[in-house]
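Listed below, chain by chain, are the residues.
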Amino acid sequence: AQKVTQAQTEISVVEKEDVTLDCVYETRDTTYYLFWYKQPPSGELVFLIRRNSFDEQNEISGRYSWNFQKSTSSFNFTITASQVVDSAVYFCALSEAGGSSNTGKLIFGQGTTLQVKP
Amino acid sequence: EPEVTQTPSHQVTQMGQEVILRCVPISNHLYFYWYRQILGQKVEFLVSFYNNEISEKSEIFDDQFSVERPDGSNFTLKIRSTKLEDSAMYFCASSPWSPYEQYFGPGTRLTVT
């Protein structure tokens, strides 16, 4: 069964602190994609990153970095030197790509609410 | 930059009424989706649509729901007889191929009274 778990419901940090958002997934497919989306207070869903199951290389984009580890089925997201504008709900999502599952549907985790205080 | 648009931004309707939520996906995209998010909860998949037919639907997407791509640009979600529990934010999304990142519209907040 496909499932995404974000165990951290809410995280509160002070500006300039580093913060890591955890994501653990379950899938039987060997080919799948993992995503992170940001939902700011305005409500829209903003795409941050896509990773396929064959690419375990970590990625860095400015203050954002992602750590994908197949051995632990985790795809964690770190924000370095957090800013108030990073305050949002962050969703991890999974899309299976094998066989009849290739419709692209996203299975979302429960989301982690990040509050960055000045 | 191309974006997905949705109308209306907020719809209030009475229980039992029909509603149609409208979406204009990004023009060269081929895969279309509807998701919903009940307030404070996670985003849930409703339906995927490709090549003018439903490719997958969730358990939520029962006979009260239908989708249509009536022309080359619009993608609609119809709820025939709304229930109180249909109150949620409904997001439309599109992608150029599957699986790939999906680009979401701003959402339609549906309130059923």
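Whatever comes next refers back to the structure up there.
Thresholds applied
- Per chain, residue numbering runs from 1 following the sequence as it is written.
- To label them, take the chains in the order written and letter them from A, then take the ligands in the order written and number them from 1.
- Owing to the predicted nature of the model, reporting of local features is limited to residues with pLDDT of at least 70; listing and counting of side-chain atom pairs is limited to 80 or more, with chain, interface and lining totals taken over all residues.
- Side-chain numbers come from the whole structure's heavy atoms, not from hydrogens or water.
- Only heavy atoms enter the contact rule, under which two residues are in contact if any of them lie within 4.5 Å.
- Here the quantity called buried area is the accessible surface, traced with a 1.4 Å probe, that two parts lose on coming together, added over both.
- Throughout this description, the term salt bridge denotes a Lys or Arg side-chain nitrogen within 4 Å of a carboxyl oxygen of Asp or Glu.
- Residues adjacent in sequence count toward polar contacts only when both atoms are side-chain atoms; beyond that, a polar contact is any pair of N or O atoms within 3.5 Å, and within protein one must be able to donate a hydrogen and the other to accept it.
- Between the rings of Phe, Tyr and Trp (Trp by its six-membered ring), a pair exists once the centres lie within 6.5 Å; its type follows the angle of the planes, with under 30 degrees stacked, over 60 edge-to-face, and the other angles tilted.
- Put simply, DSSP marks the helices as runs of H or I at least four residues long and the strands as runs of E at least two long, and each gets a number from the N terminus on.
- Exposure classes here rest on a 1.4 Å probe applied to the protein chains alone. A residue is buried below 20% of its type maximum, exposed above 50%, and partly exposed in between.
- A pair of strands is treated as paired once DSSP finds two or more bridges between them.
- Between N-to-C directions, angles cover 0 to 180 degrees, with each direction set by a line fitted to C-alpha atoms, over the stretch in contact for helices.
- Note that a disulfide, as used here, is simply two cysteine sulfur atoms within 2.5 Å.

Caption draft 1: The arrangement of the interface of chain B and chain A in detail. Each partner contributes to the interface: chain B provides 18 residues, whereas chain A provides 20 residues. For the pair chain B and chain A, the summed buried area comes to about 1800 Å², and 57% of that belongs to carbon and sulfur atoms. On the surface where chain B and chain A come into contact, there are two salt bridges. One salt bridge in this structure joins A:Arg50 and B:Glu101, with 2.5 Å as the shortest N-O distance. Along the contact surface separating chain B from chain A lie eight residue pairs in polar contact (both at pLDDT 80 or more).

Caption draft 2: How the structure looks around the packing of aromatic side chains. Enumeration over the complete set of coordinates arrives at 26 aromatic pairs over all chains. On the numbers, 5.2 Å between centres and 90° between planes, the contact of A:Tyr64 with A:Phe77 is edge-to-face. Of the two residues, A:Tyr64 is situated in strand β8 (residues 64-69) and A:Phe77 in strand β9 (residues 74-79); the sequence distance between them amounts to 13 residues. You'll find A:Tyr64 and A:Phe77 in the same group, each marked buried. Measuring from ring centre to ring centre gives 5.9 Å for A:Phe68 and A:Phe75, while their planes differ by 80°; the resulting arrangement is edge-to-face. There is no split in this pair, since A:Phe68 and A:Phe75 are both buried. Taken together through their ring pairs, the aromatic side chains of A:Phe35, A:Tyr37, A:Phe47, A:Phe91, A:Phe108, B:Tyr33, B:Tyr35, B:Phe45, B:Phe91, B:Tyr103 and B:Phe104 make up a single cluster.

Caption draft 3: Spatial organisation of the sheet that holds strand β1 (residues 5-7) of chain B. All names here are of chain B. One open sheet holds the four strands; their spatial order is β1-β3-β8-β7, and the pairing between them is antiparallel. Here the strands that pair on one side only, and so sit at the sheet edges, are β1 and β7 (65-68). Mean inter-strand twist for the sheet, computed between neighbouring axes without regard to direction, equals 20°. The pairing of β1 with strand β3 (residues 19-24) spans three bridges and is classified as antiparallel. Across the sheet, threonine 7 pairs through a bridge with arginine 22, a residue of β3.

Caption draft 4: Quick look at the pattern of salt bridges. According to the stated counting rule, one finds six salt bridges over all chains in the structure shown. Of the charged contacts in the structure, one is a salt bridge between A:Arg63 and A:Asp86, with a shortest N-O distance of 2.8 Å. Separated by 23 residues along the polypeptide, A:Arg63 in the loop between β7 (59-61) and β8 and A:Asp86 in the loop between β9 and β10 (88-96) bring together distant segments of the chain. Residue classification places A:Asp86 among the buried residues on the basis of a relative accessible area of 1%. Note that B:Glu56 is salt-bridged to A:Lys105, the shortest N-O span being 2.7 Å. Here B:Glu56 is found in strand β6 (residues 53-57), whereas its partner A:Lys105 is found in the loop between β10 and β11 (107-108) on a different chain. Looking at A:Lys105, the relative accessible area reads 16%, which means it is buried.

Caption draft 5: Focus on the state of the cysteines. Going through the model one piece at a time under the given rule, you end up with two disulfides over all chains. Each sulfur of the disulfide joining A:Cys23 and A:Cys92 lies 2.0 Å from the other. Looking along the S-S bond of the A:Cys23-A:Cys92 disulfide, the torsion reads about -65°, which is the left-handed sense. Of this pair, A:Cys23 sits in the loop between β3 (19-21) and β4 (24-26) while A:Cys92 sits in strand β10, and the two are 69 residues apart along the sequence. Of the residues examined, A:Cys23 reaches a relative accessible area of 0% and is grouped as buried. A sulfur-sulfur distance of 1.9 Å marks the disulfide that ties B:Cys23 to B:Cys92.

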